[in-house]
Amino acid sequence: MRQTQDGEALVAALGREAERLVAARPGGLRRVRVRSGEVAVELEWDPAPAGVPVVDQVPEAAEPAATAAVLAPMVGTFYQGPEPGAAPFVRVGDVVAEGAVVGIVEAMKMMNKVLADQAGTVAAVPVRDGEPVEFGQPLLLLERAGVS
Amino acid sequence: MRQTQDGEALVAALGREAERLVAARPGGLRRVRVRSGEVAVELEWDPAPAGVPVVDQVPEAAEPAATAAVLAPMVGTFYQGPEPGAAPFVRVGDVVAEGAVVGIVEAMKMMNKVLADQAGTVAAVPVRDGEPVEFGQPLLLLERAGVS
Amino acid sequence: MFRKVLIANRGEVALRVARTCRELGVASVAVYSTADRGTAVTRFADESVHIGPPAAGRSYLSAPALLEAARRTGADAVHPGYGFLSEDPDFAEACAHEGITFIGPDWPVLARLGDKAAARELMAAAGLPVLPGGSQPCADEADCARTAADTGYPVIVKAIAGGGGRGMAIAHDPAEISVAFRETRATAELLYGDDRVFVERYLPRARHVEVQVLGDRFGAAVHLGDRDCSVQRRHQKLVEETPAPGLCEHTRAAMAEAAVRGVRAAGLVGAATVEFLVDAEQRFYFMEVNARLQVEHPVTEMTTGVDVVECQLRVAAGEPLPITQERVRPRGASVECRINAEDPEQDFRATPGALTEFHLPSGPFVRVDTHFAPGDQVPPFYDPLLAKVVTWGPTRARAIGRMVRALGEVRVAGPGIRHNVDLLTAVLSDPDFLAGTHSTHLLDELRDRLRTGVGAR
Amino acid sequence: MFRKVLIANRGEVALRVARTCRELGVASVAVYSTADRGTAVTRFADESVHIGPPAAGRSYLSAPALLEAARRTGADAVHPGYGFLSEDPDFAEACAHEGITFIGPDWPVLARLGDKAAARELMAAAGLPVLPGGSQPCADEADCARTAADTGYPVIVKAIAGGGGRGMAIAHDPAEISVAFRETRATAELLYGDDRVFVERYLPRARHVEVQVLGDRFGAAVHLGDRDCSVQRRHQKLVEETPAPGLCEHTRAAMAEAAVRGVRAAGLVGAATVEFLVDAEQRFYFMEVNARLQVEHPVTEMTTGVDVVECQLRVAAGEPLPITQERVRPRGASVECRINAEDPEQDFRATPGALTEFHLPSGPFVRVDTHFAPGDQVPPFYDPLLAKVVTWGPTRARAIGRMVRALGEVRVAGPGIRHNVDLLTAVLSDPDFLAGTHSTHLLDELRDRLRTGVGAR
């Protein structure tokens with residue numbers, strides 16, 4: 001009984017897996033074979049009729065990303081300058097070096113510097129001064145130097 | 001016995017899985033093969049212009065669409081002849097006409113005739129005399145007349 | 001105790017029964033129609049038998065198929081669940097002839113309780129209050145009109161063989177009695193092959209309250225408290241709860257005592273529910289006996305801790321009831337919601353199909369009974385019950401609050417699938433329902449409100 | 001009551017707390033590390049905040065991150081769940097400084113109970129029996145050996161700051177005391193940054209029994225009965241039950257009374273568990289106080305009907321306990337099994353990965369607490385608890401029978417995923433376990449048997 005259940009479960013799992021693969025790659029499915037040890041199910045479909053486009057999702061050649069985000073290192077309040085109300089460390093259009101201070105995240109009264117993890121030109125500052133941020137939230141978008 | 005049951009359950013699971021996969025992806029199905037170890041059933045759909053699949057069950061390595069099964073019309077006890085112990089209605093190799101009596105299923109002391117739903121030559125009688133059968137269980141395999 | 005029980009049913013109740021069989025060390029046999037191949041109970045049970053095609057008439061309603069399945073698997077008892085053959089005296093008798101125990105009342109008891117007029121007479125004789133009306137079938141339309149006039153309008157014309165909310169019609173005044181008589185008789189003939197009808201006073205805004213009872217072969221009978229099932233759609237229950245709200249303790253006790261007296265008088269062995277109508281003045285009237293497991297039995301299990309199916313198996317096997325009335329101490333309150341694959345906006349039309357998403361609640365004080373899992377098909381041939389969600393709380397308010405939380409966790413979706421979760425949630429926040437002052441009309445009123453309100457799904 | 005509670009935890013317990021918040025009409029805030037993005041509680045709660053990377057030190061153990069999350073969402077209370085910061089007096093104090101209610105004991109109480117030697121002294125002063133041993137930290141190895149000799153072998157050397165089965169070593173005779181002292185001190189330094197240790201008599205085959213208690217700000221304290229947690233792997237509980245089997249009623253009552261006395265003496269507000277060791281002669285000894293919600297609290301909820309998390313919220317909000325001792329009437333027995341993604345054949349190594357199949361039991365008298373659904377990922381960063389399955393029965397045997405049935409319904413699979421369901425099932429059929437005569441060694445013995453026996457999974 002347990003053995004059968006395991007077998008059935010396995011087959012069901014295989015089926016789901018097949019389904020998932022089909023769903024992830026729409027169009028033009030021709031053949032499915034589900035096999036478990038000595039047992040197997042094989043399905044084959046007609047070639048898609050003309051007019052129905054066979055769309056294969058080919059992953060696009062990984063193009064080097066032109067922009068990168070500086071992420072919040074912790075939950076807290078983001079400040080663009082060294083203290084609330086002060087002039088910002090950087091503005092859009094500024095070129096920053098790797099390791100440059102680009103902001104502050106205050107958490108529990110501790111001021112934590114936010115550093116640029118690469119060099120680049122500031123493309124956007126999507127978080128306003130004094131706004132609360134979550135961990136991992138983009139604080140700054142950098143256009144990477146040397147990438148067009 | 002346990003082993004066989006397990007095998008049957010597994011195959012049934014495969015069949016269900018195949019059914020499900022087919023239902024989830026309508027149109028143009030060509031071939032289904034259900035295999036368990038050395039036993040296999042392969043289904044192949046003719047390229048039907050109207051899109052209505054023609055379903056035939058064929059043993060592996062045989063020409064397409066040559067045999068059909070007579071199924072048990074109810075749960076009960078199968079008898080090959082008109083009463084327990086009597087000579088069978090048909091034997092392997094006999095040619096039967098559509099509507100011919102090919103067996104009896106006894107349920108609650110009622111003798112229910114099993115009729116061939118098409119003409120053909122008896123290829124196999126997989127159920128023994130006096131054996132209990134479920135609804136839909138194959139009782140007789142017929143090689144269809146006129147199909148070589 | 002039995003060696004092996006064949007479960008002559010499908011769906012969640014078949015699984016429910018199989019679970020208790022497993023817990024008691026009793027082997028179980030599932031049966032299935034072609035449409036139910038591979039369902040949860042067929043995987044859970046120790047054996048399963050393919051008994052027929054999807055049509056219930058040739059599968060779950062086919063006594064020969066079920067008895068053959070019992071014989072070939074060597075089952076020594078049959079549990080009929082609810083619906084299908086669960087109250088069929090012929091099936092119970094056929095089981096007896098085959099030497100197989102029918103887990104339910106003896107067939108003559110079933111026959112008597114299944115005849116609504118006979119049951120009414122039996123209960124009246126046992127001292128239970130019944131509604132004014134004719135205790136005999138109406139001979140003809142004129143007799144029906146006479147009885148209705150004697151009874152006093154409004155009246156309800158009921159099929160003798162009816163049940164489950166089918167085969168009944170209301171006449172508010174003499175002008176309506178002719179249509180009510182003819183319609184009910186035609187329906188009764190069609191549904192039950194028995195066109196006899198009788199007349200009873202109709203209570204327009206009554207509550208539907210029922211008492212769960214158990215009886216054994218030694219004359220012992222106990223009750224497990226009451227349930228309110230006033231939230232209904234087309235006479236089908238949707239929300240059930242225990243204890244019934246708004247009953248004074250005197251009425252509650254009197255009704256429970258009456259129910260026990262009634263099943264004793266009927267000689268009932270097994271589980272049954274005695275249904276009453278309760279009017280605004282807390283007067284209660286016997287309505288009918290459901291001599292089987294009820295869909296809503298889990299709420300009683302939640303408050304009492306008593307496994308109703310276990311009790312059914314034990315008394316059917318000739319054991320005494322495992323509990324006494326003194327030891328039944330209901331605690332708190334419990335609510336059940338039936339989640340159906342149906343479209344409340346299209347007159348509760350069933351919506352079969354594939355459940356691409358199926359996530360049910362869990363956690364503290366929540367019970368779920370379902371036989372579905374993600375990816376399963378809801379077949380079009382049977383009732384569209386997807387799951388029963390049951391919650392418990394020390395108070396009614398807390399049990400309802402838990403249900404609202406639980407329903408919020410439900411995620412059901414699939415091509416063509418609709419469900420009633422939003423409607424259920426609306427019921428649970430309705431002021432009348434929360435006050436416990438609702439009647440059986442609540443759902444119609446609510447549905448109208450939902451339909452005109454913001455999109456309910 | 002609070003307006004909004006931030007749940008400073010993850011997994012099933014975060015969802016457990018969020019559910020009761022919802023039921024009480026309290027808004028909830030989930031927090032999540034990068035590894036827990038999209039988990040059940042983040043979908044269920046009213047809000048959620050991404051607090052840090054997968055490493056717990058920078059997320060669930062980061063007081064600044066949690067308090068910032070509370071501040072930005074306007075939460076007026078924090079529920080710490082179990083584990084992580086649930087017993088951290090510094091975090092509780094920081095909450096207090098921020099004006100946020102820590103749902104748990106006041107921080108000085110946490111600090112005192114977290115010091116094992118101080119807690120021992122406090123409880124001894126309150127009249128609770130403690131094991132023979134030194135009530136002061138050992139000054140050095142020689143002091144440790146002297147105390148051990150005075151106490152009488154075998155002894156156990158424990159870290160003052162220890163807990164949860166970590167930071168302890170047994171010495172059976174004087175030859176082993178030096179290693180035990182050095183190992184424990186090194187572990188204590190490593191784990192807690194506090195190398196102080198103390199010595200206590202070791203009871204080789206004792207039962208681990210604990211009492212669930214609740215206290216409020218008005219000096220009221222009640223107990224909800226006891227639990228046995230003797231089935232452990234590497235000092236981690238795997239099966240828990242209530243009531244503890246094999247206790248004579250005198251011992252049970254005395255232990256419960258002692259536990260209530262202890263928490264009163266400690267001035268504890270909230271939920272806590274007082275752990276005892278019980279020897280073969282039914283003598284019991286105070287071991288430690290877990291001043292938080294326990295993983296196994298559901299078994300107590302099943303028998304008492306009391307929502308422990310609700311009580312925590314109420315007393316933290318300054319309300320009196322919603323129950324009195326007289327109204328706590330436990331009914332029947334309940335068992336919990338922890339289903340873990342781990343490989344019992346490889347020393348319980350955690351097996352993270354994708355849950356391609358994840359089907360849990362349901363039905364009568366079964367409760368399931370989980371935050372997983374099919375397709376979810378078990379992250380490698382935290383404990384591998386997949387689900388808690390809890391069953392109830394009128395007797396211990398019936399509760400266990402239900403658990404066997406329920407475990408039989410579990411289907412868990414995925415690439416690389418292993419689980420302990422077969423081991424749990426073996427525990428439930430072990431003669432010692434069924435007789436209630438097992439000790440904390442049961443699992444080791446069973447695992448050896450399973451390993452040498454026929455294929456266990």
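Predicted model only: the values in this text are computed from it and were never measured. (Residues numbered from 1 in each chain as written. Chains lettered and ligands numbered in written order. Predicted model: local features only at pLDDT ≥ 70, side-chain atom pairs only at ≥ 80, totals over all residues. Heavy atoms only, no water.)

### Topic: the overall build of chain A
Stated precisely, the cut-off is as follows: For the purposes of this entry, the term helix denotes a DSSP run of H or I that reaches at least four residues, the term strand denotes a run of E that reaches at least two, and both are numbered from the N terminus. Accessibility here uses a 1.4 Å probe with only protein chains present; expressed as a share of the type maximum, an area under 20% marks a residue as buried, one over 50% as exposed, and anything in between as partly exposed. In what follows, residue pairs with any heavy atoms lying within 4.5 Å of each other are defined as contacts.
Secondary structure summary: chain A contains 1 helix and 10 strands in total. Mapped in sequence order, the helices and strands of chain A form the string α-β-β-β-β-β-β-β-β-β-β. Taking all 148 residues of chain A together, 33% fall into the buried category. Residue pairs in contact within chain A that sit at least 24 positions apart in sequence constitute 55% of those at least 6 positions apart.

### Considerations on the overall build of chain C
What counts here: Computation of the radius of gyration draws on C-alpha atoms, with the globule rule given as 2.2 Å multiplied by the number of residues to the power 0.38.
A count of helical and extended segments in chain C gives 15 helices and 22 strands. Taken against the 2.2 N^0.38 rule, which gives 23 Å for 457 residues, the C-alpha radius of gyration of chain C at 21 Å falls within 12% of a compact globule. Along the first, second and third principal axes, the C-alpha set of chain C runs to 55 × 55 × 45 Å. Evaluated residue by residue, chain C yields a buried proportion of 63% over its 457 residues.

### Regarding the side chain of glutamate 342 of chain D
All names here are of chain D. In plain terms, the rule: Here a polar contact means two N or O atoms within 3.5 Å. Within protein one must be a hydrogen donor candidate and the other an acceptor candidate, and residues neighboring in sequence count only if both atoms are side-chain atoms.
Note on placement: glutamate 342 falls in strand 15 (residues 342–343). Under the relative-accessibility criterion, glutamate 342 is labelled buried at 0%. Reaching out from glutamate 342, the side chain makes a polar contact with the side chain of arginine 233 at a distance of 2.8 Å.

### So, the interface of chain D and chain C
What counts is decided by this rule: Salt bridges are defined by distance alone: a side-chain nitrogen of Lys or Arg within 4 Å of a carboxyl oxygen of Asp or Glu.
Listed as interface residues are 35 residues of chain D and, on the opposing side, 35 residues of chain C. Linking chain D with chain C are 14 salt bridges, by the criterion used here. For arginine 398 of chain D, the salt bridge identified is with glutamate 23 of chain C, shortest N-O distance 2.9 Å. Applying the counting rule to chain D against chain C returns 24 residue pairs in polar contact (both at pLDDT 80 or more). For the side of chain D that touches chain C, the secondary-structure elements that each account for two or more residues are helix 1 (11–23), helix 2 (40–44), helix 10 (297–304), strand 19 (366–370) and helix 12 (396–409) of chain D.

### Overview of empty space enclosed by the protein
Filter applied, for reference: Note on definitions: the grid is 1 Å and covers protein atoms alone; a cavity is a set of points where a 1.4 Å probe fits but cannot get out; a pocket is an open set with protein on both sides within 12 Å along at least five of seven lines; lining residues have an atom within 4 Å of a point. Grid points are joined across faces, edges and corners, and a volume is the space filled by probe spheres set on the points. Residues are grouped as follows: nonpolar covers Ala, Val, Leu, Ile, Met, Phe, Trp, Tyr, Cys and Pro; charged covers Asp, Glu, Lys and Arg; every other residue, Gly included, is treated as polar.
A complete count under the given rule lists 5 cavities of 30 Å³ or more for this structure. Here the largest cavity defines a volume of roughly 260 Å³. For the lining of the largest cavity, the elements supplying multiple residues, two or more each, are helix 10 (297–304) and strand 19 (366–370) of chain C together with helix 10 and strand 19 of chain D. Here the residues of the lining of the largest cavity sort into 8 nonpolar, 2 polar and 6 charged.

### Looking at a positive patch on the surface
Selection rule: Patch membership needs two things, relative accessible area over 30% and no salt bridge, and members are linked within 9 Å if like-charged or within 5 Å if nonpolar (Val, Leu, Ile, Met, Phe, Trp, Tyr). The Shrake-Rupley method, run with a 1.4 Å probe, gives the accessible areas here. Residue values count only the displayed protein chains as cover. By the counting scheme adopted, Arg and Lys are positive, Glu and Asp are negative, and His together with the chain ends is not counted. Charge coordinates come from a single atom per side chain, which is NZ of Lys, CZ of Arg, CG of Asp or CD of Glu.
On the surface, Arg327 and Arg329 of chain C together with Arg327 and Arg329 of chain D cluster together to form a positively charged patch. By relative accessible area, which is 60% here, arginine 329 of chain C ends up exposed.

### Examining the pairing of strand 11 (residues 138–144) of chain B
This is how it is decided: Strand pairing follows a simple DSSP-based rule, namely that at least 2 bridges must link the two strands.
The pairing of strand 4 (residues 67–71) of chain B with strand 11 of chain B spans 5 bridges and is antiparallel. Directly across from alanine 68 of chain B, in strand 11 of chain B, lies its bridge partner leucine 142 of chain B.

### Side note on the relation of the copies chain D and chain C
Heads up, the rule is: All copies are superposed by least squares; the fitting set is the C-alpha atoms of residues with a pLDDT of at least 70 in both.
Between chain D and chain C, which share one sequence, the superposing operator has a rotation angle of 180° and an axial displacement of 0.0 Å; the RMSD is 0.1 Å. Taken together, the turn and the small shift mark the pair as related by a two-fold rotation axis. Among all residues of chain D, the one whose C-alpha sits closest to the rotation axis is arginine 367 of chain D, at a distance of 3.3 Å.

### Some details on the environment of valine 114 of chain B
All names here are of chain B. Considering the arrangement of structural elements, one finds valine 114 in strand 8 (residues 110–115). Judged by relative accessible area, which is 2%, valine 114 ranks as buried. On a C-alpha basis, the gap between valine 114 and proline 132 in space is 14 Å, while along the polypeptide they are 18 residues apart. Each residue touching valine 114, except ones within four places of it in the same chain, is listed here: Val70, Pro73, Ala100, Val101, Val102, Gly103, Ile104, Val105 and Leu139.

### Side note on the domain arrangement of chain C
Residue and element names in this part refer to chain C. Filter applied, for reference: What marks off one domain from the next here is an automatic or database domain assignment. By convention, the term buried area covers the 1.4 Å-probe accessible surface removed from two parts as they join, with the contributions of both added.
For chain C, the domain assignment lists domain 1 (4–103), domain 2 (132–201) and domain 3 (207–452). Just the C-alpha atoms count here: the centres of domain 1 and domain 3 sit 23 Å apart. In this assembly, 29 residues from domain 1 lie in contact with 26 residues from domain 3. Of the roughly 2,200 Å² buried between domain 1 and domain 3, counting both surfaces, carbon and sulfur atoms make up 61%. Summed over the three residues of domain 1 that lose the most area to domain 3, namely Glu12, Arg16 and Tyr82, the buried surface amounts to 29% of that side. Here arginine 16 ties to glutamate 301 by a salt bridge, and the two come within 2.8 Å at their closest N and O atoms. The interface formed by domain 1 and domain 3 holds 11 residue pairs in polar contact (both at pLDDT 80 or more) in total. Among the elements that take part in the side of domain 1 that touches domain 3, helix 1 (residues 11–23) stands out by supplying 9 residues, more than any other. Across the side of domain 1 that touches domain 3, the residue classes break down as 14 nonpolar, 9 polar and 6 charged.

### Observations concerning the packing of helix 12 (residues 396–409) of chain C against helix 13 (residues 421–428) of chain C
All names here are of chain C. We apply this condition: The axes used here are C-alpha line fits, helices contributing only the stretch in contact, and every angle between their N-to-C directions lies in the interval 0 to 180 degrees. Here the word oblique covers every angle except those under 35 degrees (roughly parallel), over 145 (roughly antiparallel) and from 65 to 115 (roughly perpendicular). Here is the rule for handedness: rotate from the far helix to the near one, and if that takes an anticlockwise turn smaller than a right angle the crossing is left-handed, while a clockwise turn gives right-handed.
Running from amino to carboxyl end, helix 12 crosses helix 13 at an angle of 155°, the nearest separation of the two axes being 10 Å. Here helix 12 lies roughly antiparallel to helix 13, going by the angle between them. Here helix 12 and helix 13 pass one another in a crossing that is left-handed. Contacts from Ile400, Met403, Val404 and Leu407 in helix 12 reach Val421, Leu424, Thr425 and Leu428 in helix 13. Considering only residue class, the contact of helix 12 with helix 13 consists of 7 nonpolar, 1 polar and no charged.

### Concerning the environment of glutamate 189 of chain C
Residues and elements named next belong to chain C. Locating glutamate 189 in the fold gives a position in helix 8 (residues 174–192). Judged by relative accessible area, glutamate 189 falls into the partly exposed class, the value being 44%. Sequence spacing of glutamate 189 and alanine 161 is 28 residues, and the spatial spacing of their C-alpha atoms is 9.5 Å. Setting aside anything within four residues of it in sequence, one finds glutamate 189 in contact with Asp194 and Asp195.

### Concerning the sheet that holds strand 8 of chain B
All names here are of chain B. Spatial strand order, 8-7-5-10: 4 strands in an open sheet with antiparallel pairing. At either margin of the open sheet sits one strand with a lone partner, and together these are strand 8 and strand 10 (131–133). Between one strand and the next, the sheet's axes are offset by a mean angle of 40°, whatever the strand orientation. Summarising the sheet, strand 5 (residues 76–79) and strand 7 (residues 101–107) pair through 3 bridges and their orientation is antiparallel. Bridge pairing in strand 7 places phenylalanine 78 opposite valine 105.

### Digging into the pattern of salt bridges
All names here are of chain C. For the coordinates displayed, the defined rule picks out 96 salt bridges over all chains. For aspartate 106, the salt bridge goes to arginine 217, with nearest N and O atoms at 2.9 Å. On the criterion of sequence distance, the pair formed by aspartate 106 in the loop between strand 5 (101–102) and helix 5 (107–114) and arginine 217 in the loop between strand 9 (207–215) and strand 10 (221–233) is long-range, its members being 111 residues apart.

### Some points on unusual backbone geometry
Residue and element names in this part refer to chain C. A cis geometry characterises the amide bond from tyrosine 153 onward to proline 154, with omega recorded as -5°. Position of proline 154 relative to the elements: it lies in the loop between helix 7 (141–151) and strand 6 (155–163). If you check the backbone angles, aspartate 347 has positive phi at about 55° while not being a glycine. Along the polypeptide, aspartate 347 turns up in the loop between strand 15 (342–343) and strand 16 (349–350).

### Some points on the packing of aromatic side chains
Definition in use: Aromatic rings from Phe, Tyr and Trp, with only the six-membered ring used for Trp, were paired whenever their centres fell within 6.5 Å, and each pair was classed as stacked if the ring planes differed by under 30 degrees, edge-to-face if by over 60, and tilted otherwise.
One pass over the structure, following the stated rule, counts 14 aromatic pairs over all chains. Between phenylalanine 91 of chain C and phenylalanine 102 of chain C, the ring centres sit 6.0 Å apart and the planes meet at 85°, which makes this aromatic pair edge-to-face. Here phenylalanine 102 of chain C lies in strand 5 and phenylalanine 91 of chain C lies in helix 4 (residues 89–97), a separation of 11 residues in the sequence. Residues tyrosine 60 of chain D and tyrosine 382 of chain D carry aromatic rings whose centres are separated by 5.6 Å and whose planes lie at 75° to one another, so their mutual orientation is edge-to-face. Within this pair, whereas tyrosine 60 of chain D is found in the loop between strand 3 (47–52) and helix 3 (63–73), its partner tyrosine 382 of chain D is found in the loop between strand 20 (377–378) and strand 21 (385–393), the two being separated by 322 residues in sequence. For the residue pair tyrosine 60 of chain D and tyrosine 382 of chain D, the accessibility class agrees, reading buried in each case.

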